[in-house]
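# Topology and contacts: notes
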Amino acid sequence: MTSPLTHFDAKGDAHMVDVSEKDVTARTATARGAVVMAAETLALVVEGRAKKGDVLSVARLAGIMAAKRTADLIPLCHPLALSKVSVELTANEAESRVEIEATVKVTGKTGVEMEALTAVSVAALTVYDMLKAADKAMRLTDIRLVHKDGGRSGRFEAE
């Protein structure tokens with residue numbers, strides 16, 4: 001029986017997947033996550049009073065940079081020439097959280113789910129870093145893939 005886990009060879013050893021026979025296609029992935037915090041901490045973000053500066057702008061840049069460096073962080077990811085990375089951060093005052101969404105696009109032989117997830121994760125970590133002096137109890141939460149398209153496995157939409 002063949003394992004659906006493509007990062008393991010027949011002996012069970014981890015390896016980088018050979019994508020040389022795959023078709024070059026347009027591929028896209030979107031991930032989301034959030035940082036939950038005290039209302040007073042979110043007010044620092046919304047009112048621009050965070051001591052380290054513009055939290056959302058810095059986190060956006062960190063997420064973009066992280067997507068581009070995913071192969072340096074995740075051992076079996078292929079380095080990719082990304083064609084688009086967008087990271088949006090939104091203050092949700094009703095739920096006292098910063099919501100993060102990253103979309104990554106490439107034309108290539110492998111998908112960009114890991115790049116989108118990495119962008120969200122590092123953006124969330126950056127929000128935490130910039131606000132930790134005010135609120136060490138913040139929680140990074142709900143980081144997940146919500147959409148992917150392209151490649152052999154086709155389209156995925158989270159419920």
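See the structure shown above.
Residues numbered from 1 in each chain as written. Predicted model: local features only at pLDDT ≥ 70, side-chain atom pairs only at ≥ 80, totals over all residues. Heavy atoms only, no water.

## Focus on the side chain of threonine 103
To keep things clear, this is the line we draw: Secondary structure elements follow DSSP: runs of H or I no shorter than four residues count as helices, runs of E no shorter than two count as strands, and numbering proceeds from the N terminus. Only heavy atoms enter the contact rule, under which two residues are in contact if any of them lie within 4.5 Å.
Of note, threonine 103 is situated in strand β3 (residues 97–108). Beyond its immediate sequence surroundings of up to four residues, threonine 103 is in contact with Thr28, Ala29, Thr30, Lys84, Val85 and Ser86.

## Thoughts on the pattern of salt bridges
Applicable threshold: Any Lys or Arg side-chain nitrogen found within 4 Å of a carboxyl oxygen on Asp or Glu counts as a salt bridge. Think of it in three bands: with a 1.4 Å probe and only protein chains considered, a residue is buried below 20% of the maximum accessible area for its type, exposed above 50%, and partly exposed in between.
The final tally for this structure, using the stated rule, is 10 salt bridges. The shortest N-O distance in the salt bridge between arginine 49 and glutamate 47 comes to 2.6 Å. Linking arginine 69 and aspartate 72 is a salt bridge whose minimum nitrogen-to-oxygen distance equals 2.5 Å. Given the relative accessible area of 54%, aspartate 72 is considered exposed. Bridged by salt links that share partners, the residues Glu95, Arg97, Glu99 and Asp142 form one connected network.

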